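Given next are the chains, with one letter for each unit.
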Amino acid sequence: MQTIRYGGDYNPEQWPEEIWHEDVRLMREAGVNLVSLGIFNWGIIEPAPGEYDWTGLDRIMGLLHENGIGVDLGTPTAAPPSWLRRAHPEIRLVDFEGRVLASGSRHGVCPSHPVYNEACASIVEQLAARYGKHPAVQMWHLHNEYGWANVDCYCEVSAAAFRGWLAEKYGDVDRLNDAWGTAFWGLVYRDFDQVEAPSLAPPGVNPALRLDWKRFSNDAHIANYKMQRAIIARHSEAPATTNFMVPNCKDMDYFRWSDTVDIVSNNHYLVAERDEHEIELSMSADLTRAVAGGPWMVMEHSTSAVNWQPRNIAKTPGEMRRNSLAHVARGADGLMFFQWRASRAGAEKFHSAMLPHGGTDTDVWRDVVALGGDLERLSSVVGSDVAADVAILWDWESWWALELEWRPSVDLEFRERVEAYYTSLWKQHVTVDFAHPESDLGRYKAVVAPSSYLLTATAAKHLHGYVESGGHLLVSYFSGIVDEHDAVHPGEHASVLRETLGLWVEEFHPVHEGTRLALDAAAESRWRSGPVSGRIWSEHVRLDGAEAVAAFTDGPDAGRPAVTRHRVGAGTAWYVATALDDATGLRGLLAEVLDAAGVERPTGLPDRLEVVRRGPFRFLINHTDQEQFVPDLRGADALTGVAYDRGVPVPAGAVVVLAHAGS
Ligand code: GLA
């Protein structure tokens with residue numbers, strides 16, 4: 001990609017043809033160079049089984065091409081046509097509670113059903129054969145949001161596919177019994193045929209069954225993608241993608257997806273009612289970059305409000321631009337919206353668009369045109385890396401496992417801890433990469449493991465090697481507890497990390513809701529961020545080589561270590577036995593770890609002044625409502641051409657992108 005791809009979902013089938021001409025003219029005015037077409041048009045292009053109507057698609061493809069606008073051509077399989085559901089009611093999705101989903105919307109079919117998959121194969125074959133060599137096609141957009149409303153299906157076809165998946169994985173049912181620990185409650189299976197899909201059941205369903213079910217369901221969607229991809233490859237050389245939902249889809253393990261797509265693309269919508277929601281956006285972008293292993297593209301975000309949250313708060317002036325450029329700063333080489341023109345009818349008519357109901361005399365439209373100009377000025381960013389010295393560990397499987405039933409506390413949440421650490425680092429202007437625990441961590445000065453409950457022995461060994469060879473690792477409580485089948489690692493708690501952390505855990509002591517656990521004065525004087533206290537968790541840490549850096553002064557573990565440090569080889573491993581937050585000690589502790597690890601970062605800036613370095617640029621994004629001044633920087637703003645010699649002012653809510661920045 002030479003230019004930043006700019007555009008959005010385009011649904012011309014919702015409009016008469018004369019509007020298409022206006023669309024294309026306005027797209028050019030806004031600098032749109034790519035649109036996603038045909039994502040939900042199966043019922044239009046195949047009006048009856050085996051009958052095709054290409055008239056509209058042929059025309060619009062031609063019109064876009066004549067106007068220099070590329071097409072990201074969708075396969076419409078996320079919206080099976082009414083005739084298919086009617087003729088084959090057996091493909092309808094059966095949910096966790098055994099209810100069969102009706103039609104009238106999209107998705108809602110069993111991802112493993114052969115009838116559905118054959119119908120997908122057939123329409124994709126037709127589409128790819130017809131447009132595979134069309135000059136407008138720059139990329140393929142397979143399906144839409146795999147796992148959105150059909151994550152898993154509990155019908156008998158799906159259950160049978162699950163049994164086949166298990167037979168392939170374990171070969172022998174005794175290996176499954178062993179891995180799943182089915183001696184517990186005598187749940188032992190004598191044949192794969194005895195395994196059922198884990199739908200609504202009495203409490204205490206085997207967690208290993210649930211974990212493999214999630215892996216299977218994820219793989220069922222990957223199989224549909226791969227089937228479509230193979231068909232397209234016979235007709236077209238254009239790259240393919242499908243839009244992910246990082247990090248807001250818990251159900252798809254996107255690390256398992258990353259190798260299947262040619263380009264990683266992501267949909268991100270602000271959680272509008274959340275305070276400081278720009279931090280969650282940054283996290284989404286950083287995690288998408290980890291999945292991609294480099295640059296990626298935003299496939300969908302919104303110019304303003306969405307229509308599906310409880311209160312759909314519109315973006316404030318300048319917010320769309322800040323959001324967009326934050327994505328670019330964090331690795332996006334394409335910036336697309338849902339959708340080009342606001343729909344008149346249907347479920348999404350109150351969703352914002354690039355071209356709102358109010359037309360071109362609107363702030364949104366003016367911002368869309370201005371953003372097109374900004375992106376042109378930033379095109380040299382394409383393909384470049386984001387600078388990050390710190391990694392946070394992320395693992396979908398650990399997320400799944402941690403939040404299964406019957407954990408030591410309902411307050412144990414994967415994202416709660418990841419976001420606590422991410423937020424504190426973000427506010428200290430530290431750009432992070434996310435990384436899978438088994439990935440190569442050698443290039444990071446510091447690695448943070450906020451919630452690594454499920455940690456394989458291999459991953460633990462890997463982390464040990466990282467520390468031994470000079471890395472700084474910070475691990476939060478309830479990590480290294482179980483293996484990939486949710487079985488406790490042999491021996492004491494956290495045994496797989498014992499050598500690394502220099503400690504083990506004798507007993508967990510989760511605390512009452514709202515309880516605050518004070519840490520000693522030594523911690524307070526070190527981390528100087530006001531009172532230092534923990535929430536949620538306390539535990540009996542038994543030192544075995546580590547030194548206590550801070551101790552609990554109250555609660556079930558008063559007088560025992562709350563934060564520890566252990567030198568291993570050339571590096572250091574830190575451990576935190578309670579939930580610290582940015583304002584209650586985490587900021588100070590992280591600062592100590594970052595200093596020890598030699599992580600450089602800007603100092604003296606307000607929390608909400610986002611600073612990210614990518615390729616030739618340094619992005620300064622001011623999320624506050626006051627002008628901010630960044631001393632010690634110089635360079636020219638790539639967006640305005642204004643040069644700064646001694647420090648850079650960033651107006652309230654504005655973005656400055658310094659080219660050839662120096663300090
Ligand atoms: C998702 C879908 C789109 C649209 C948007 C609305 O991301 O992929 O088709 O429904 O949500 O926000």
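Quick note: structure is the one above.
It should be emphasised that the depicted structure is a prediction, and the values quoted were computed from it without experimental measurement.

Let's talk about the layout of surface pockets
Here comes step 1: A volume near 1300 Å³ is recorded for the largest pocket.
Here comes step 2: Of all the secondary structure elements, the ones that give two or more residues to the lining of the largest pocket are helix H2 (42-45) and helix H4 (82-87).
Here comes step 3: It is H2 that provides the largest number of residues to the lining of the largest pocket, a total of 3 residues.
Here comes step 4: Both domain 1 (1-32 + 264-384) and domain 2 (36-238) contribute no fewer than three residues apiece to the lining of the largest pocket.
Here comes step 5: Considered as a void within the structure, the second largest pocket measures approximately 600 Å³ in volume.
Here comes step 6: Taken together, 22 residues make up the lining of the second largest pocket; nearest its centre are Glu-600, Arg-601, Pro-602, Arg-613 and Arg-618.
Here comes step 7: For the lining of the second largest pocket, a count of residues per class yields 12 nonpolar, 4 polar and 6 charged.
Here comes step 8: Shared between two domains, the lining of the second largest pocket takes at least three residues from each, and those domains are domain 3 (390-597) and domain 4 (609-662).

Brief notes about the sheet that holds strand E19 (residues 561-568)
Here comes step 1: An order of E11-E10-E12-E13-E20-E19-E18 is seen for the 7 strands of this open sheet, with the pairing classed as mixed. Because the sheet does not close on itself, it has two edges, and the strands there are strand E11 (432-435) and strand E18 (547-551). Taking the axes of each pair of neighbouring strands and ignoring which way they run, one obtains an average angle of 20° across the sheet.

Here's the deal with the site of the ligand
Here comes step 1: Taken together, Phe-40, Arg-106, Asn-144, Glu-145, Asn-267, Tyr-269, Glu-300, Trp-308, Phe-338, Glu-348 and His-351 make up the full set of residues adjacent to the ligand.
Here comes step 2: Interatomic distance of 2.4 Å between a side-chain N/O atom of Glu-300 and an oxygen atom of the ligand.
Here comes step 3: Relative to its free-state accessible area of 310 Å², the ligand is covered by the protein chains to the extent of 96%.
Here comes step 4: One can see that the ligand is located within the largest pocket.
Here comes step 5: Residues of the shell around the ligand, tallied by class, amount to 4 nonpolar, 3 polar and 4 charged.
Here comes step 6: Residue assignment places the shell around the ligand across two domains, with domain 1 (1-32 + 264-384) and domain 2 (36-238) each supplying three or more.

Looking at the pattern of salt bridges
Pairs can form between side chains of opposite charge whenever their charged atoms are close.
Here comes step 1: This structure, assessed with the given rule, holds 48 salt bridges.
Here comes step 2: Arg-163 is paired through a salt bridge with Glu-156; the nearest N and O atoms lie 3.4 Å apart.
Here comes step 3: When its relative accessible area of 15% is taken as the criterion, Arg-163 is described as buried.
Here comes step 4: Note on Glu-156: relative accessible area 59%, which makes it exposed.
Here comes step 5: The partner of Glu-397 in a salt bridge is Arg-256, with the nearest N and O atoms 3.5 Å apart. Taken together, the positions of Glu-397 in helix H13 (residues 396-402) and Arg-256 in helix H9 (residues 254-257) put the pair 141 residues apart, joining distant regions of the chain.

Each value, and the rule that gives it
Residue indices follow the written sequence of each chain, beginning from 1 at its first position. Under the rules for a predicted model, residues below a pLDDT of 70 receive no local features and side-chain atom pairs below 80 are neither given nor counted, while totals for whole chains, interfaces and linings still include all residues. In computing side-chain properties, one takes all heavy atoms of the structure into account and sets aside hydrogens as well as water. Using only the protein atoms, space was sampled on a 1 Å grid; points where a 1.4 Å probe fits but cannot get out form cavities, open sets with protein on both sides within 12 Å along at least five of seven lines form pockets, and lining residues are those with an atom within 4 Å of a point. Grid points are joined across faces, edges and corners, and a volume is the space filled by probe spheres set on the points. A run of DSSP states H or I qualifies as a helix once it reaches four residues; a run of E qualifies as a strand once it reaches two. Both are numbered from the N-terminal end. Throughout the structure description, domain borders are defined by an automatic or database domain assignment. Classification convention: Asp, Glu, Lys, Arg as charged; Ala, Val, Leu, Ile, Met, Phe, Trp, Tyr, Cys, Pro as nonpolar; all other residues, Gly among them, as polar. The criterion for strand pairing is that DSSP finds at least two bridges linking the strands in question. Axes here refer to lines fitted to C-alpha atoms; in helices the fit is confined to the stretch in contact. Angles between the N-to-C directions go from 0 to 180 degrees. One heavy atom suffices: a residue is near a molecule or strand as soon as one of its heavy atoms comes within 4 Å of it. Under this definition, polar contacts are N or O atom pairs within 3.5 Å; protein pairs additionally need one hydrogen-donor-capable and one acceptor-capable atom, and for neighbouring residues in sequence, both atoms have to be side-chain atoms. To measure how exposed things are, a 1.4 Å probe is used in the Shrake-Rupley method; for residues, cover is taken only from the protein chains shown. Any molecule with more than half of its atoms within 2 Å of a cavity's or pocket's grid points is regarded as sitting in that cavity or pocket. By definition, a salt bridge exists where a carboxyl oxygen of Asp or Glu is found within 4 Å of a side-chain nitrogen of Lys or Arg. Between buried and exposed lies partly exposed: a residue is buried under 20% and exposed over 50% of the maximum accessible area for its type, with that area taken using a 1.4 Å probe on protein chains only.

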